[in-house]
Amino acid sequence: MNVSTSALGVRRRKATSQNIDDEENAALLKLGPEFQLKQITNSGEEEQLIALNLSEARLLIRAALKERKNKNSKNREFEEDDEENEKEDEIENMNLAGPNSNEIMHKTLNYLSNFARYKNSSSTETVEKLLNDFSALVAEPLHPFELAQLGTLECEDAEEAKSLIPSLANKVSDVQLQSLLTELRKYQTLS
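Just so it is clear, the structure is predicted and the values come from calculations on it, not from any experiment.

Conventions used here
- Residues numbered from 1 in each chain as written.
- Predicted model: local features only at pLDDT ≥ 70, side-chain atom pairs only at ≥ 80, totals over all residues.
- Heavy atoms only, no water.
- Helix = DSSP H or I, 4+ residues; strand = E, 2+ residues; numbered from the N terminus.
- Expected span 1.5 Å × (residues − 1).
- Buried < 20%, exposed > 50% of the residue type's maximum accessible area, 1.4 Å probe, protein only.
- Contact = heavy atoms within 4.5 Å.
- Polar contact = N/O pair within 3.5 Å; in protein donor to acceptor, adjacent residues only side chain to side chain.
- Patch = residues over 30% accessible without salt bridge, like charges linked within 9 Å, V, L, I, M, F, W, Y side chains within 5 Å.
- Areas by Shrake-Rupley, 256 points an atom, 1.4 Å probe, with all protein chains shown as cover.
- Salt bridge = Lys/Arg side-chain N within 4 Å of Asp/Glu carboxyl O.
- Core = buried A, V, L, I, M, F, W, Y, C linked by side-chain atoms within 4.5 Å.
- Arc of directions from axis to C-beta.

**Describing helix α2 (residues 54-72)**
Okay, step 1: Taking 1.5 Å of rise per residue, 19 residues should cover 27 Å, and α2 covers 27 Å from first to last C-alpha, within 8% of that figure.
Okay, step 2: For α2, every residue scored as buried is listed here: L54, S55, E56, A57, R58, L59, R62, L65, K66 and N70.
Okay, step 3: Looking at the buried positions of α2, the neighbouring elements they touch are α3 (90-97), α4 (103-115), α5 (121-137) and α6 (144-152).
Okay, step 4: Of the residues that open α2, the one with a side-chain oxygen 3.0 Å from the backbone nitrogen of S55 is N53.

Structural data, given as structure tokens:
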């Protein structure tokens, strides 16, 4: 029996102890450095953080896969799909991903197909504009992560939204949040 000796005598780091109040205070958005508002690109330039909701991620992945599929096809005919009339299922996602794609790609596409609230690009663009306009109107601008969560979650009312996204509690009034949720529901694609 082979036993690795590389881990012998190595002590595991203990989690840094924090004040219990700090851990329980979810009203403050505490994200890691990868969620800072200013990001540095590979070329060294500063760029604003982008956070996608599930509908936006679904559209981007599907567009990339369609482009790859069209580039790889011999006849290079561009197939224009009407996304509003397109029925997404596992077989269609497998065809889009291609025969050589891995299981993770299939599962990701199926997950996004099931949980994306906005299925077509026009409603997704409208929702993005609504969320950005809403963020500009409130007293304290919302973090892109908070906006992405509002675009992903199907919150019925402001109370539910604030319980799922506690950092909204001190930034947005219930009336403002309720009007946004009502407006978002208008663009939701029912499937």
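**Digging into a nonpolar patch on the surface**
Okay, step 1: A surface patch of nonpolar side chains, about 310 Å² in accessible area, is lined by I50, L52 and L60.
Okay, step 2: Mapping I50 onto the fold places it in the loop between β2 (46-48) and α2.

**Some thoughts on the pattern of salt bridges**
Okay, step 1: Applying the stated criterion across every chain, the model contains 7 salt bridges.
Okay, step 2: R62 is paired through a salt bridge with E92; the nearest N and O atoms lie 3.5 Å apart. Placement of the pair is R62 in helix α2 and E92 in helix α3, with a sequence separation of 30 residues. E92 carries the same exposure label as R62, and that label is buried.
Okay, step 3: When the shortest N-O distance is used, the salt bridge between K107 and E103 registers 3.0 Å. Highlighted residues: K107 and E103, both in helix α4, separated by 4 residues, approximately one helical turn.
Okay, step 4: Classification of K107 by relative accessible area gives exposed; the value is 53%.

**Comments concerning the nonpolar core**
Okay, step 1: Counting residues in hydrophobic clusters, the biggest one holds 18 residues, and the most contacted among them are L142, L150 and L177.
Okay, step 2: At the level of elements, α5, α6, α7 (158-164) and α8 (174-186) are the ones that each hand at least two residues to this core.
Okay, step 3: The greatest single-element share of this core, amounting to 4 residues, is contributed by α8.
Okay, step 4: Beyond its immediate stretch of four places on either side in the chain, L177 contacts F134, L150, A158, A161, K162, L168 and V172.

**A look at the environment of Q176**
Okay, step 1: Residue placement: Q176 occurs in helix α8.
Okay, step 2: Classification of Q176 as partly exposed rests on a relative accessible area of 30%.
Okay, step 3: Beyond its immediate stretch of four places on either side in the chain, Q176 contacts F134, L137 and V138.

**Considering α4**
Okay, step 1: Along its 13 residues, α4 runs 18 Å from first to last C-alpha, staying within 8% of the 18 Å computed at 1.5 Å per residue.
Okay, step 2: The set of residues buried in α4 consists of H106, L109, N110, L112 and S113. What you see down the axis of α4 is that its buried residues fit within an arc of 165°, all on one side. For α4, exposure combined with an orientation more than 90 degrees from the buried face picks out E103, I104, K107 and N114.
Okay, step 3: As for α4, its buried residues are in contact with α2 and α3.

**Description of the side chain of N53**
Okay, step 1: Position of N53 relative to the elements: it lies in the loop between β2 and α2.
Okay, step 2: A polar side-chain atom of N53 sits 3.0 Å from the main-chain amide nitrogen of S55.
Okay, step 3: Here N53 is in contact with A148, G151 and T152, once residues within four sequence places are set aside.

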